[in-house]
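These are the residues of each chain, in order.
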Amino acid sequence: MKRVFSLLEKTWLGTPIQFTWQKTSGNYLAVTGADHIVKIFDRHGQKRSEINLPGNCVAMDWDKDGDILAVIAEKSSCIYLWDANTNKTSQLDSGMRDQMSFLLWSKIGSFLAVGTVKGNLLIYNRQTSRKIPVLGKHTKKITCGCWNAENLLALGGEDKMITVSNQEGDTIRQTPVRSDPSDMQFSMMKTDDRASATESTISVVVGKRTLFLFNLNEPDSPIDLEFQQRYGNIVCYSWYGDGYIMIGFSRGIFVVISTHIREIGQEVFQARDHKDNLTSIAVSQTLNKAATCGDNCIKIHDLAELKDMYAIINLDDENKGLGTLSWTDDGQLLALSTQRGSLHVFLTKLPILGDACSTRIAYLTSLLEVTVANPVEGDLPITVSVDVEPNFVAVGLYHLAVGMNNRAWFYVLGENAVKKLKDVEYLGTVANICLHSDYAAALFEGKVQLHLIESEILDAQEERETRLFPAVDDKCRILCHALTGDFLIYGTDTGVIQYFYIEDWQFINDYRHPVSVKKIFPDPNGTRLVFIDEKSDGFVYCPVNDATYEIPDFPPTIKGVLWENWPMDKGVFIAYDDDKVYTYVFHKDTIQGSKVILAGGTKVPFSHKPLLLYNGELTCQTQSGKINNIYLSTHSFLDSLKDVGPNELRQMLTQTLMLKRFSDAWEMCKILNDQAAWNELARACLHHMEVEFAIRVYRTIRNVGIVMSLEQIKGIEDHNLLAGHLAMFTNDFNLAQDLYLASSCPVAALEMRRDLQHWDIALQLAKRLAPDQIPFISKEYAIQLEFTGDYVNALAHYEKGITGDNKEHDEVCLAGVAQMSIRMGDIRQGVNQALKHPSRVLKRDCGAILENMKQFSEAAQLYEKGLYYDKAASVYIRCKNWAKVGELLPHVSSPKIHLQYAKAKEADGRYKEAVVAYENAKQWNSVIRIYLDHLNNPEKAVSIVRETQSLDGAKMVARFFLQLGDYGSAIQFLVMSKCNNEAFTLAQQHNKMEIYADIIGSEDTTNEDYQSIALYFEGEKKHFQAGKFFLLCGQYSRALKHFLKCPSSEDSVAIEMAIETIICSHVHAHFLRELLEKAVLSSSGLLYNTHFLRSRCYSQQLCTARQA
């Protein structure tokens, strides 16, 4: 809180003073003390007039508009009226013979109520100059009163009565009170019913202890509110908000009560603001603030949150105590009187006037002071004292302008000093003024005047010094304007935005909007412009291509727009209202074209007006005349990233990508080290057509394919063609097609659709772009349709695909026609087409289709023509066409088909043909069966069995010989078929064991089989055979015993076998002696048999046996 001025008149010293602010504007302050003079000061502390009185001032009050100050004084029956517009004082004879004690103007009319010490009343109508005297309104001195919004007058007097009268002075209501009334106010109690909005409740302090509430609608139910004794006396009170009353007590406490009938009597809030005493409270509904004073200080609270202290003003030099507080109606100034006779005025709310040009800002820091600063470059602020309290402030690169009404004062901004240059009067009240380097542009009454600021500096032509817009013949009103280094830009009520090029001194561009343009905000270069129309919709306009882009989610409450001044963020701007700042980004070059996006929002503290945006830092002006910097939430990534978690980093990454801050995004991706984050950055680069940066990102994540693709297209200069490629890379194929078609190479759209196999769209594009490609696309489309089962359309597209001059292509199409014709049921057409076609594969495929359709005859025909003999024969078999099968058999390699044919011939009794077919099918068992059962050719069967070693065949041959009684042959083939047990049994039954033994001896036989034969021969006393087979099954002792028992006719052979047995196994010495004796006695006399001689292991044993 800044003290604007203090008043300390010698004649006031030691006595309390009265003062009152001019209503509405607050431009004047009337003050009086014990010097019999009312002095009138302006809001800067300069005395403007004074009124001399015959005695002390009794009361004074301003009328509702602040035009007339009425004063009454002791020892006078006159009412003194001072006119603020003419600065003249007049006297009005009241006609009252007794001393006047009370004076008050009506809230809404020109009625002045004057009360006297004897209780009489005068109502004066200033408009008609009519005076209505009312005698005996009260019986004693009228001490207080108030008007309401319906011109009802309530009065209180020392007779302890309250009266309510109309503007004619007629008494409507009256009620007694218990003690002397004071501080009477009209207001409206808080009720549930909002229908009644009249001021029907009178509040009055009774006996300094009680607050008395009298409702005119319920006169029989007045309310007395008494408070705790420890609070002290009621000093003053004030109504505010929705039926709340703030009451100040002499012992430093203030309380807030509600007048709602359910809450009445309860304290909503209570605080001890001052330790010893409280002398006054004042409430400003405009500021939503309340002030209390006492103990040499002023404390200010926010009515929305009373427990929060907004400000404290200490007055250490006031040792006699403080007096009364009062705000101006606009809340800008707060006045305080003191007990020693001084008065202090504080600035509580400044008009928020400020401007910016590039990074230089100018803002109001006091009522008569403007500060110019450059927070970006860090220059020291320059304070400029101005002559008037300005209504507008403007700053340029080298100048400052302030002004009010139709006048502006210009200052030159030097490095360390400010020099007043000149003042300019315009042809109307200036609404806004803009400055840049050399020119100023003022908007007044629908016109703009462009003029040089320092005409003597530039050697300019006379017509270039000033110009008025619009031209006389242009029937429009200018509603807004802006000035850049090169252009004057303005918007009109007809919706036209005009660009006036200052260097050429002519219009170079205009844009026509459907409705009027209320506000415009160009970027620093003027190449982009935000404008708001009368519907409160926002748009970005680019004069280069005369294009507009609607701003999404644009609130209707927007007050202004600021463009980012940081050179690297040219497309960023903010729109602000009273509560929030919205960050938008204009993306000029994206694959989707230029567009505006909402990046986020930032809460703004109360009463902050943004002046400058630089690299996400918003410089705001406050009501207190200071600047405050806040950071946009969309730029939180500019803070340190050391302690930020992964989730927050990902959110920041999204912010950087929306703002196209790819270098910052790169650093975040390095910290995250996450594949998803790198991919997000890469996609954003593609979206914004930052090909080089995208290559860098994709190279980092080792995506070789996309890097190679981007390297191939990075040199393309055609914007749409490049955007089309990038859109295709991001899988936005519809957008890619639109971009390709708008480019210099529209056929790329067709190529893309072909690559994607989007054949419908490809055909439509081919009709426009490449009709010669239609047959080829039709063929590919037909292949896909065939695959999906849409044979009707596939046939149509195959037929469309026939060119007549491309043999290879046409063959594919004709093949498709043949297949689709068959599938559609036109079998004859399809078969004929397939037969004509040179392709074997087509015949096979068509044959397969026909086979599935059970059209076997045609299928077989096509298989045969395609030289697929196995398939043809198989199908002929299915349709029982054995004749064709027979014709094809020489070409058939499939055993299965030969088998089927053989079975069929066997069933027909044609065994010779059947046996040949079985042989081709390698079905040897069937061949043997036919030879034995039907052709009576056992020799052939036996030869096949011997050749093929077929076990089942051998069994069949064995059964055949068994039926013939040829047991020997039967045994032979049973052994061959591994049926040793059956062969043994058969040999045993028919005494053919010798045959069985001979056969089994030549086979790979188990020891069990050899043992069975040996036991059989042992039982038959055939020692040689028994010994032989015991030898084969490894039972050497038993074998040797039988060999030794052999009859003499078999001695030589038996001895040899015995020797072999000895060689194969170790035997006892007595066996050797028996063998030697048998050998000596043998007729041959072969003592040294060759077997002995060949024996190595037992030669010593034999010699020993002979000696014995």
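Cut-offs and rules
Residues numbered from 1 in each chain as written. Predicted model: local features only at pLDDT ≥ 70, side-chain atom pairs only at ≥ 80, totals over all residues. Heavy atoms only, no water. Helix = DSSP H or I, 4+ residues; strand = E, 2+ residues; numbered from the N terminus. Areas by Shrake-Rupley, 256 points an atom, 1.4 Å probe, with all protein chains shown as cover. Buried < 20%, exposed > 50% of the residue type's maximum accessible area, 1.4 Å probe, protein only. Pairing = 2+ DSSP bridges. Axes fitted to C-alpha atoms, helices over the stretch in contact; angles between N-to-C directions. Parallel < 35°, antiparallel > 145°, perpendicular 65-115°, else oblique. Left-handed = near helix turned anticlockwise from the far one by under 90°. Contact = heavy atoms within 4.5 Å. Salt bridge = Lys/Arg side-chain N within 4 Å of Asp/Glu carboxyl O. Core = buried A, V, L, I, M, F, W, Y, C linked by side-chain atoms within 4.5 Å. Polar contact = N/O pair within 3.5 Å; in protein donor to acceptor, adjacent residues only side chain to side chain. Patch = residues over 30% accessible without salt bridge, like charges linked within 9 Å, V, L, I, M, F, W, Y side chains within 5 Å. Lys, Arg positive; Asp, Glu negative; His and termini not counted. Charge placed at Lys NZ, Arg CZ, Asp CG, Glu CD. Disulfide = S-S within 2.5 Å. Phe/Tyr/Trp six-rings, centres within 6.5 Å; stacked < 30°, edge-to-face > 60°. Nonpolar A, V, L, I, M, F, W, Y, C, P; charged D, E, K, R; others polar.

Undergrad: What am I meant to see in the overall build of the protein here?
TA: Of the regular secondary structure elements, the protein holds 32 helices and 59 strands. A total accessible area of about 52000 Å² is found for the protein, and carbon and sulfur atoms account for 46% of it.

Undergrad: How do you make sense of the pairing of strand β50 (residues 529-533) when you look at a structure like this?
TA: Side-chain direction in a regular strand flips from residue to residue, so the side chains alternate between the two faces of the sheet. Taken across its 5 residues, β50 has 5 buried, putting it largely inside the fold. The two faces of β50 match: Leu529, Phe531 and Asp533 on one face and Val530 and Ile532 on the other face are all buried. The antiparallel hairpin formed by strand β49 (residues 517-522) and β50 contains 6 residues in its connecting segment, where Gly526 sits at a positive phi of about 80 degrees. Bridge count between β50 and strand β51 (residues 538-542): 4 bridges; the pairing is antiparallel. Within β51, the position partnered with Val530 by the bridge is Val540. Taking the residues between adjacent antiparallel strands as the criterion, β50 and β51 are bridged by 4 residues, where Ser536 takes a positive phi near 65 degrees.

Undergrad: Explain the sheet that holds strand β15 (residues 153-157) to me, please; I cannot follow it from the model alone.
TA: Ordered in space as β14-β15-β16-β17, the 4 strands form an open sheet in which the pairing is antiparallel. Strands at the two margins of the open sheet, each flanked by one partner only, are β14 (142-147) and β17 (171-176). Strand after strand, the sheet turns through a mean of 15 degrees between neighbouring axes, direction not considered. Judged from the 4 bridges that link them, β15 and strand β16 (residues 161-165) form a sheet pairing that is antiparallel. The residue bridging Ala154 from the neighbouring strand is Val164, located in β16.

Undergrad: What exactly am I supposed to notice about the packing of helix α11 (residues 791-800) against helix α12 (residues 807-823) here?
TA: In a packed pair of helices, the relevant descriptors are the angle between the two axes and the axis-to-axis distance. The interhelical angle for the contact between α11 and α12, taken along N-to-C directions, is 150 degrees, at an axis separation of 9 Å. When the interaxial angle is binned, α11 and α12 end up roughly antiparallel. Both α11 and α12 take part in a crossing whose hand is left-handed. For the pair formed by α11 and α12, the contact residues are Tyr791, Ala794, Leu795, Tyr798 and Glu799 on the first element and Val812, Cys813, Gly816, Val817, Met820, Ser821 and Arg823 on the second.

Undergrad: Is there a simple way to think about the pattern of salt bridges in this case?
TA: Between side chains of opposite charge, a pair can form as their charged atoms come close. Counted according to the given criterion, the structure contains 26 salt bridges. Between Glu226 and Arg178 there is a salt bridge whose closest N-O contact spans 3.0 Å. Placement of the pair is Glu226 in strand β21 (residues 223-226) and Arg178 in the loop between β17 and β18 (181-187), with a sequence separation of 48 residues. Neither residue differs from the other here; Glu226 and Arg178 are each classed as exposed. A single salt-bridge network, built from bridges that share partners, covers Glu692, Arg699, Glu711 and Lys714.

Undergrad: Help me understand the nonpolar core, please; the structure alone is not making it clear to me.
TA: As a rule of thumb, nonpolar side chains are buried together in soluble globular proteins. If you look at the biggest cluster of nonpolar residues, it comprises 66 residues, and the most contacted ones within it are Leu653, Leu681, Tyr698, Leu710 and Leu726. Among the elements that take part in this core, helix α3 (residues 675-687) stands out by supplying 7 residues, more than any other. With residues up to four places along the chain from it excluded, the contact list for Tyr698 reads Ala682, Arg683, Leu686, Asn703, Ile706, Val707 and Leu710. Ile17, Val31, Ala335 and Val393 belong to the second largest nonpolar core, which has 33 residues in total.

Undergrad: Would you mind going over the side chain of Ser258 with me for this structure?
TA: Mapped onto the fold, Ser258 is located in strand β24 (residues 253-258). Since its relative accessible area comes to 0%, Ser258 is described here as buried. In terms of polar contacts, Ser258 uses its side chain to reach the side chain of Glu263, at 2.6 Å. Residue contacts for Ser258: discarding those within four places in its chain leaves Lys190, Gly243, Tyr244, Glu263, Ile264, Gln266 and Val268.

Undergrad: Looking at this structure, I do not really get helix α9 (residues 759-769). What am I missing?
TA: Within α9 the residues assigned to the buried category are Trp759, Ala762, Leu763, Leu765 and Ala766. Where the residues of α9 are buried, they touch α7 (733-741), α8 (747-756), α10 (774-788) and α11.

Undergrad: How do you make sense of the environment of Phe41 when you look at a structure like this?
TA: The residue Phe41 is located in strand β4 (residues 37-42) in this model. Taking the C-alpha atoms as reference points, Phe41 and Leu7, 34 residues apart in sequence, are found 9.6 Å from one another.

Undergrad: How should α11 be read in this particular structure?
TA: The set of residues buried in α11 consists of Ala794, Leu795, His797 and Tyr798. Those residues of α11 hidden inside the fold are in contact with α9, α10 and α12.

Undergrad: Would you mind going over a positive patch on the surface with me for this structure?
TA: Taken together, the side chains of Arg209, Arg230, Arg251 and Arg272 make up a positively charged region of the molecular surface. Mapped onto the elements, Arg230 comes out in the loop between β21 and β22 (234-240).

Undergrad: Explain the state of the cysteines here, please?
TA: One pass over the structure, following the stated rule, counts 0 disulfides. Cysteine Cys669 remains unbridged, with the sulfur of Cys685 as its closest cysteine sulfur at 9.0 Å. When its relative accessible area of 0% is taken as the criterion, Cys669 is described as buried.

Undergrad: Would you mind showing me how to read the packing of aromatic side chains here?
TA: Centre distance and the angle of the planes are the two values used to describe a pair of aromatic rings. Counted under the stated rule, the structure contains 30 aromatic pairs. On the basis of an interplanar angle of 50 degrees and a centroid distance of 6.0 Å, the ring pair of Tyr511 and Phe531 is categorised as tilted. Taken together, the residues Tyr511 in strand β48 (residues 506-512) and Phe531 in strand β50 connect sequence positions 20 residues apart. Measuring from ring centre to ring centre gives 5.4 Å for Tyr549 and Phe586, while their planes differ by 45 degrees; the resulting arrangement is tilted. Highlighted residues: Tyr549 in strand β52 (residues 547-550) and Phe586 in strand β55 (residues 580-587), separated in sequence by 37 residues. Overall, the relative accessible area of 3% leaves Phe586 in the buried class. Taken together, the ring pairs in this structure connect Phe487, Tyr499, Tyr501, Tyr511, Phe531, Phe539 and Tyr541 into an aromatic cluster.

Undergrad: What is the right way to look at unusual backbone geometry in this model?
TA: Note: most peptide bonds trans; most residues except glycine with negative phi. Cis geometry is adopted by the peptide bond preceding Pro470, which originates at Phe469 and carries an omega value of -10 degrees. Its location among the elements puts Pro470 in the loop between β44 (466-469) and β45 (478-483). Of note in this structure, Asn151 is not a glycine but carries a positive phi near 65 degrees. With respect to the secondary-structure elements, Asn151 resides in the loop between β14 and β15.

Undergrad: Help me understand the packing of α10 against α12, please; the structure alone is not making it clear to me.
TA: Contact pair α10 / α12: the axes reach a minimum separation of 11 Å and the direction vectors enclose 35 degrees. Seen from above, α10 lies across α12 with left-handed handedness. Judged by residue contacts, Pro775, Phe776, Lys779 and Glu786 of α10 engage His809, Val812, Cys813, Gln819 and Met820 from α12. Class assignment for the residues of the contact of α10 with α12 results in 5 nonpolar, 2 polar and 2 charged.

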